[in-house]
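Analysis of the macromolecular model
Here are the chains, one letter per residue:
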Amino acid sequence: MNIAILAGTRPEVVKLVPVYAALVARSNIRPVWISTEQQGALNAQALDTFGIVPDIRLEPPSSERTLGGRFAQVMDRLDSVLGELSPDLVLVQGDTSTTAAGAMAAFARRIPIGHVEAGLRTFNLDSPFPEEGWRCVVGQLAALHFAPTEAAARVLLEQGVAKDKIHMTGNTGVDAIRLSGARNHPEPRLPGLRRVVVTVHRRENWGPELEQILAALIALRDRVSDIEIVFVAHANPALRHRVEGALAGQPRIRISEPLDYLRFLALLKSATLALSDSGGIQEEAPVLGLPLLVLRNTTERAEAVEAGVAAMVGVDTATIVETASILLTNEDLRMQMVRGVSPFGDGFAAHRIVDVIADWHPDMVADGARIQAAV
C-alpha cells in the first residue's frame, strides 16, 4: 500500500513524524513524504530536527500571492504529484492550507483521504481564520477520520460523519513529545527568576489585539518581580517588527528567535507559566505539567480547559495581567493546574492510526472501522 504524507509546516511535520515512523515499520506499507514547503524555513527546521528527507519537495507557494493564491498554487502542484503517484491513501494533518489543498486535490483525483487530528471545531469561521474553514472542508472529504479525543469524535458524529469512518486515537503531538524525551532537557534559567513563555501567531491576534497582549506583558513584568518573560517571535517579519518595537530593551523581557522543536520543548520544560494562542501548545503544555493561559476567545481544544490544565483569558490587557499574576503568586492554584491530567492521549496515537490503515481497504472504507475505546 502506497501512502502519501502531505506536510508543509512545522506543526504538520512534528505531528506526522510519529505516523511516518510507524508506517515505515510496516513491511507492506510504503509512505511517500511530500513537502509543500508552505512554511519555508520553519518547515525545513522541523524536517532537519527529525532527520526527515522528503521524497518529493514542491516549489514553495509565492509570498507575493494572497492567501487564496498560495492555496491555489499548493493545490495545483499537489494535483500534479498525486496524479503521477496515484497513492492508495493521502494523509493530511490538522488545519493548514496544505491540509485543505491536499484533501481537495486528492478528492478531485478520487484518492481516499485520511485526516490526522480530525474533529476539532470552534464553530466560528472567523476564529481561527482560515483554519476553522479548512477543518470543515477536510471533514466533508475524508474517508478516515483520526479523532484525537472523545469530544472530537462526537463533533464528527454530530456533523454527519458516518460512525464507521471515525477512529479515536489520541493526539500524535503527544507521541512526538514522548519520542523526543530522551533528547531534551529544560533550558537553564537565570538565577532567582522564574520563566514565563509567550507565543502569539494567530491571524485574529495580528491587529490591535497584539498591542493589548504586549502591554499586558510589560504590566505583568512590573507586577511580579521574580519573573523573566521570554517571547518566542513568529517568523512573520511584520509581527516581529511590532513585537520588537514594544518589548526590545525591556528589563526581564527577552525576545527569542523562532526555535526548533527540541529547543522549544526545552524552553517550555523550564517555564513556570505559558501564555499562547497556539493550538499545539495547548496540547504540549499539559503533557509537560505547564499551566497555560490561552490568548484567544475561542478554542477547538476545550478539553484542556475542562481538564483544568489551561484557562481562556482572551486578549484583554487587564484580564491577562490579573489571571497571570494570581497563578504566579498563588502556588497552590498553580499546582492544581500542574497536577491536571492531559486529555490528549498516552503518546501512542500513531500506532493506532497505522493499525487502522493496515486493516483498511481502499474499496471498502467502512470495513473494520470503528470509534475506538478511549485512550
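Just so it is clear, the model here is predicted, and its values are computed rather than measured.

Scoring rules and cut-offs
- Residues numbered from 1 in each chain as written.
- Predicted model: local features only at pLDDT ≥ 70, side-chain atom pairs only at ≥ 80, totals over all residues.
- Heavy atoms only, no water.
- Pairing = 2+ DSSP bridges.
- Helix = DSSP H or I, 4+ residues; strand = E, 2+ residues; numbered from the N terminus.
- Axes fitted to C-alpha atoms, helices over the stretch in contact; angles between N-to-C directions.
- Contact = heavy atoms within 4.5 Å.
- Buried < 20%, exposed > 50% of the residue type's maximum accessible area, 1.4 Å probe, protein only.
- Right-handed = clockwise from strand over helix to strand, strands pointing away.
- Arc of directions from axis to C-beta.
- pLDDT = per-residue confidence, 0-100.
- Salt bridge = Lys/Arg side-chain N within 4 Å of Asp/Glu carboxyl O.

What about the sheet that holds strand β9 (residues 227-232)?
Taking strand neighbours across the sheet as the criterion, the six strands line up as β10-β9-β8-β11-β12-β13 in an open arrangement whose pairing is parallel. Lying at the two open borders of the sheet, with one neighbouring strand each, are β10 (253-256) and β13 (310-312). Strand-to-strand twist in this sheet, taken as the mean axis angle between neighbours without regard to direction, amounts to 20°. Sheet topology places strand β11 (residues 273-276) next to strand β12 (residues 292-294); three bridges connect them, and they run parallel. Opposite Ala274, over in β12, you have Leu292 as the bridge partner. Helix α9 (residues 237-247) contacts β9 and β10 of the sheet and is inclined by roughly 160° relative to β10.

Concerning the environment of Ile3
Checked against the element boundaries, Ile3 lands in strand β1 (residues 2-7). Put simply, Ile3 and Ala266 are 263 residues apart on the chain and 32 Å apart in space, counted from C-alpha to C-alpha. Sequence-distant contacts of Ile3, defined by excluding residues within four places in its chain, comprise Leu23, Ile29, Arg30, Pro31, Val32, Leu89, Leu91 and Ile357.

Side note on the pairing of β9
With six of six residues buried, β9 lies mostly within the body of the structure. Going residue by residue along β9, you find Ile227, Ile229 and Phe231 tucked away on one face and Glu228, Val230 and Val232 tucked away on the opposite face as well. Where strand β8 (residues 194-199) meets β9, five bridges bridge the pair, whose relative direction is parallel. What sits directly across from Arg194, in β9, is Ile227. Regarding the hand of the β-α-β motif, the stretch spanning β8, helix α8 (residues 208-223) and β9 is right-handed. Sheet topology note: the β9/β10 ladder contains four bridges and is parallel. Bridge assignment links Val230 to a residue of β10, and that residue is Arg254. As a crossover connection, the stretch from β9 through α9 into β10 is right-handed.

What to know about helix α6 (residues 150-158)
When we look at burial in α6, the residues that qualify are Ala152, Ala153, Val155 and Leu156. Down the axis of α6, the buried side of the element spans an arc of 155°, and every buried residue falls inside it. As for α6, its buried residues are in contact with β6 (144-147), β7 (166-168) and α12 (302-306). Taken from the residues just after α6, Gly160 is the one with a positive phi, measuring 95°.

Some remarks on helix α2 (residues 41-50)
Of all the positions in α2, only Leu42, Asn43, Ala46, Leu47, Thr49 and Phe50 are classed as buried. The buried residues of α2 occupy one face: seen down the axis, they fall within an arc of 160°. In α2, the exposed residues that point more than 90 degrees away from the buried face are Ala41 and Asp48. Where α2 is buried, its residues touch β1, α1 (10-24), β2 (30-35), β3 (56-57), α7 (172-180) and α10 (261-269). Looking one or two places after α2, you find Gly51, whose phi comes out positive at around 70°.

What to know about the confidence of the model for the chain
On average, residues of the chain score 93 in pLDDT, and 96% of them are at 70 or above. Contacts for the low-pLDDT stretch residues 364-375, under 50 throughout, to residues beyond four places or in other chains number 30 contacts.

So, the pattern of salt bridges
The final tally for this structure, using the stated rule, is 27 salt bridges. Between Glu300 and Arg135 there is a salt bridge, with the nearest N and O atoms lying 3.1 Å from each other. In this pair, Glu300 is assigned in the loop between β12 and α12 and Arg135 in helix α5 (residues 131-141), connecting sequence segments 165 residues apart. Look at Glu300 and you get buried, because its relative accessible area is 5%. Note that Arg195 is salt-bridged to Glu187, the shortest N-O span being 3.4 Å. Residue classification places Arg195 among the buried positions, given a relative accessible area of 2%.

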